[in-house]
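# Per-entry structural report
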Amino acid sequence: LYGVTFFSMVIGYLAAKLGPAVKKVDIRFSHLPPGLHGFKIVQITDLHVGPTIRKDYVEWVVKKTLGLKAEVIVLTGDI
């Protein structure tokens with residue numbers, strides 16, 4: 001049982017160190033006004049800022065997000 005717990009912690013730590021995944025999703029609307037074609041929204045979700053996820057990680061996420069040059073950034077889930 002301790003091995004599984006330790007393994008899970010290591011996987012979680014490595015996932016956090018690799019940073020958030022960027023997944024591109026194209027959403028098509030049949031009657032979208034031409035001015036909104038190419039409109040980009042970035043969603044950040046479940047950062048879980050706390051004792052293990054700190055300011056430097058959040059700053060890294062912000063920098064990565066700003067690099068995507070979106071028109072809108074939304075924060076959802078557990079911050």
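Residues numbered from 1 in each chain as written. Predicted model: local features only at pLDDT ≥ 70, side-chain atom pairs only at ≥ 80, totals over all residues. Heavy atoms only, no water.

### Quick notes on the side chain of Thr65
By secondary structure assignment, the location of Thr65 is in helix α2 (residues 55-66). On the basis of relative accessible area, Thr65 is assigned to the buried category, the value being 8%. Each residue touching Thr65, except ones within four places of it in the same chain, is listed here: Val42, Ile44 and Ile73. (Helix = DSSP H or I, 4+ residues; strand = E, 2+ residues; numbered from the N terminus. Buried < 20%, exposed > 50% of the residue type's maximum accessible area, 1.4 Å probe, protein only. Contact = heavy atoms within 4.5 Å.)

### Remarks on the layout of surface pockets
Looking at the largest pocket, its volume works out to about 1,500 Å³. Lining the largest pocket are 40 residues, and of these Val22, Lys23, Val42, Gln43 and Leu68 lie nearest its centre. At 6 residues, the largest contribution of residues to the lining of the largest pocket is made by α2. For the lining of the largest pocket, the class distribution of residues is 21 nonpolar, 9 polar and 10 charged. (1 Å grid on protein atoms, 1.4 Å probe; cavity = no way out; pocket = protein on both sides within 12 Å on 5 of 7 lines; lining within 4 Å. Points joined across faces, edges and corners; volume = space filled by probe spheres on them. Nonpolar A, V, L, I, M, F, W, Y, C, P; charged D, E, K, R; others polar.)

### As for helix α1 (residues 2-18)
Spanning 17 residues, α1 covers 24 Å between terminal C-alpha atoms, matching the ideal 24 Å at 1.5 Å per step. After α1 finishes, the residue Gly19 shows a positive phi value of roughly 90 degrees. (Expected span 1.5 Å × (residues − 1).)

### Side note on α2
With 12 residues, α2 extends 16 Å from end C-alpha to end C-alpha; this agrees with the ideal 16 Å at 1.5 Å per step. Residues of α2 that are buried make contact with α1, β1 (41-45) and β2 (72-76).

### What about a nonpolar patch on the surface?
Together, Val49, Val62, Leu66, Ile73, Leu75 and Ile79 give the surface a local cluster of nonpolar side chains, amounting to about 540 Å² of exposed area. For the nonpolar patch, the elements supplying multiple residues, two or more each, are α2 and β2. Mapped onto the elements, Val62 comes out in helix α2. (Patch = residues over 30% accessible without salt bridge, like charges linked within 9 Å, V, L, I, M, F, W, Y side chains within 5 Å. Areas by Shrake-Rupley, 256 points an atom, 1.4 Å probe, with all protein chains shown as cover. Salt bridge = Lys/Arg side-chain N within 4 Å of Asp/Glu carboxyl O.)

### Brief notes about the pairing of β1
Every second residue of β1 is oriented toward a common face, the buried set being Val42 and Ile44 and the non-buried set Ile41, Gln43 and Thr45. Relative to β2, β1 runs parallel, the two sharing 5 bridges. If you follow Ile41 over to β2, its bridge partner there is Val72. The β-α-β motif built from β1, the intervening α2 and the parallel element β2 has right-handed crossover chirality. (Pairing = 2+ DSSP bridges. Right-handed = clockwise from strand over helix to strand, strands pointing away.)

Interpretation note: all reported values are geometric properties and have no functional meaning in isolation.
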